[in-house]
Every structure is written in C-alpha cells, then in structure tokens.
Amino acid sequence: RKEVEQDPGPFNVPEGATVAFNCTYSNSASQSFFWYRQDCRKEPKLLMSVYSSGNEDGRFTAQLNRASQYISLLIRDSKLSDSATYLCSPGDTGRRALTFGSGTRLQVQP
Amino acid sequence: GAVVSQHPSWVICKSGTSVKIECRSLDFQATTMFWYRQFPKQSLMLMATSNEGSKATYEQGVEKDKFLINHASLTLSTLTVTSAHPEDSSFYICSAGTLQETQYFGPGTRLLVL
C-alpha cells in the first residue's frame, strides 16, 4: 500500500458546485495532516492544516477519520480560481519532511 | 507565512555541466531544509534532508555524490546537480519549516538539461 493515496481525478465541475477529495494514508502514527494547492508549474502552497478531527476555513473544510486513516477536503461554491492540483500530506513528526500523494486535479468550468 | 526563496528560477544547461540551486529562508532560521524533485504529472518526491552544520540525509535511490547538498548557515541550503544529464531535467523545490511543523516551499527551480 502506498504511503499516501489520492483520488486521481481530474474532477471537472461547474462553478458553484461542491466537490470533495479523499486521501488515504498508511502511517497510523501521523498526528498532523496538510492540504496543499499546487498551480501548474508552481510550488505547493499550504491550504489547510489538520491537527484534530477537522478544520474549516471559509469554503474549505477538511475532515480527518483516524479509524479509517483518511482525510477529505470539501470545497463549497467552487470558483474558477480553485482550479489546481490538490496535494495531501500526512506530517512526519520525526523529521518534518512531507510525503505527498500524487495529487487530485480540479478543473472548475464556467 | 514564512518566506522561502530559490535561485535561479529556471536554468538550461548542457549535459555534463554542474548546476547549483540556492534555497534561502528569508524571515526565519531553518536548521533543517528539504529538497524535493517533481517530474511532469507526478507528485513531489523527497530527495534529501539538509541539516545545518552536518551532512545531509538522502532518501533511498538518490545519489549523494550526484546531488551535493551544503547547508552552511541557518538561512541557506544549496543543491548542486553534478554532471547533469537530460534525465535530471525536473522541477526542484526546497522547503523549510517553523517549529509548528508547517513547511513552506520555495518557488522552485526548473532545470532543463540538453
């Protein structure tokens, strides 16, 4: 099993739609989780950190299910500017390096 | 958030030459920085952990003699791709973090080896 697995996508949704991505992880010891957004040919930018059961920031909600070892990202009222690749990463408290999933590509269409 | 810079942002070089990439933390000190590589349509893969004042730790499959890492100060780490070949063409990204574990990425360096 891969350390981190994500829905491959691409997800093509209309503006205003609600879309959810899932990410499963294999390291049950992970205590923190991160969602990053990566635009084409750019570096990842931190979107959200999750340290407990979940986190919410505006239109974005992340939920953590430790029993099933997955985290999800929900985007409400999608905007064209949300089009990007979304990477999830469980933190590694031992060394702080990040292991990324392959990313889920989102394309929001007018 | 914290700011991390990289230089150069892109470089084209001939096969066999060496290329040095700099990663700087601009507004905080980083005893540890990380170097990642990303091939087209793939995710970021950790190459090595750069430790200030000591040797870098390389991930399995990454040649330490080919990818030289120097972390001479708390704000600067360098990655040198020695004797670059076309298969080394990639997007190289560094990251550094705060004590809260959050990692901030540099803008990346796109390397094309002809």
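Trainee: How would you explain the overall build of chain B if you had to name every residue and give the values?
Mentor: When helices and strands are counted, chain B shows 0 helices and 11 strands. Relative to the 2.2 N^0.38 estimate, which gives 13 Å for 114 residues, the radius of gyration of chain B is 13 Å and therefore close to what a compact globule would have. Along the three orthogonal principal directions, the C-alpha set of chain B runs to about 40 × 25 × 20 Å. Sorting the 114 residues of chain B into buried and exposed places 52% on the buried side. Sequence-distant contacts in chain B: of pairs separated by 6 or more residues, those separated by 24 or more amount to 52%. Carbon and sulfur atoms provide 54% of the accessible area of chain B, an area that totals close to 5,700 Å².

Trainee: Give a detailed account of the pairing of strand β3 (residues 19-25) of chain A, specifying residues and quantitative values.
Mentor: Residues and elements named next belong to chain A. Judged by which residues are buried, β3 turns out to be one-sided: Val19, Phe21, Cys23 and Tyr25 face inward and are buried, whereas Ala20, Asn22 and Thr24, on the alternate face, are not. Relative to β3, strand β1 (residues 4-6) is paired through 3 bridges, and the arrangement is antiparallel. Paired with Gln6 across the two strands is Cys23, which belongs to β3. As paired elements, β3 and strand β8 (residues 70-75) share 6 bridges and run antiparallel to each other. Counterpart to Val19 in the pairing with β8 is Ile75.

Trainee: So what's going on with the packing of aromatic side chains? Residues and values would help.
Mentor: For the structure shown, the criterion picks out 11 aromatic pairs over all chains. Seen from their ring centres, Phe34 of chain A and Tyr51 of chain A are 6.2 Å apart, and the 90° between their planes marks the pair as edge-to-face. Note that Phe34 of chain A is positioned in strand β4 (residues 33-38) and Tyr51 of chain A in the loop between β5 (44-50) and β6 (54-57), a separation of 17 residues in sequence. Under the relative-accessibility criterion, Tyr51 of chain A is labelled partly exposed at 43%. When the centroid spacing of 5.6 Å and the interplanar angle of 55° are considered together, the rings of Tyr36 of chain B and Phe105 of chain B count as tilted. Residue Tyr36 of chain B is found in strand β4 (residues 32-38), and its partner Phe105 of chain B is found in strand β10 (residues 103-105); the two are separated by 69 residues along the sequence.

Trainee: Give me the lowdown on the environment of Thr80 of chain B, citing residues and values where you can.
Mentor: All names here are of chain B. Position of Thr80 among the secondary structure elements: in strand β8 (residues 76-81). A residue is classified by how much of its surface remains accessible, and Thr80, at 16% relative accessible area, is buried. For the pair Thr80 and Ser18, spaced 62 residues apart in sequence, the C-alpha separation works out to 6.7 Å. Sequence-distant contacts of Thr80, that is, excluding residues within four places in its chain, are made with Ser18, Val19, Lys20, Lys66, Phe67 and Leu68.

Rules behind the numbers
- Residues numbered from 1 in each chain as written.
- Chains lettered and ligands numbered in written order.
- Predicted model: local features only at pLDDT ≥ 70, side-chain atom pairs only at ≥ 80, totals over all residues.
- Heavy atoms only, no water.
- Helix = DSSP H or I, 4+ residues; strand = E, 2+ residues; numbered from the N terminus.
- Rg over C-alpha atoms; globule rule 2.2 N^0.38 Å.
- Buried < 20%, exposed > 50% of the residue type's maximum accessible area, 1.4 Å probe, protein only.
- Contact = heavy atoms within 4.5 Å.
- Areas by Shrake-Rupley, 256 points an atom, 1.4 Å probe, with all protein chains shown as cover.
- Pairing = 2+ DSSP bridges.
- Phe/Tyr/Trp six-rings, centres within 6.5 Å; stacked < 30°, edge-to-face > 60°.

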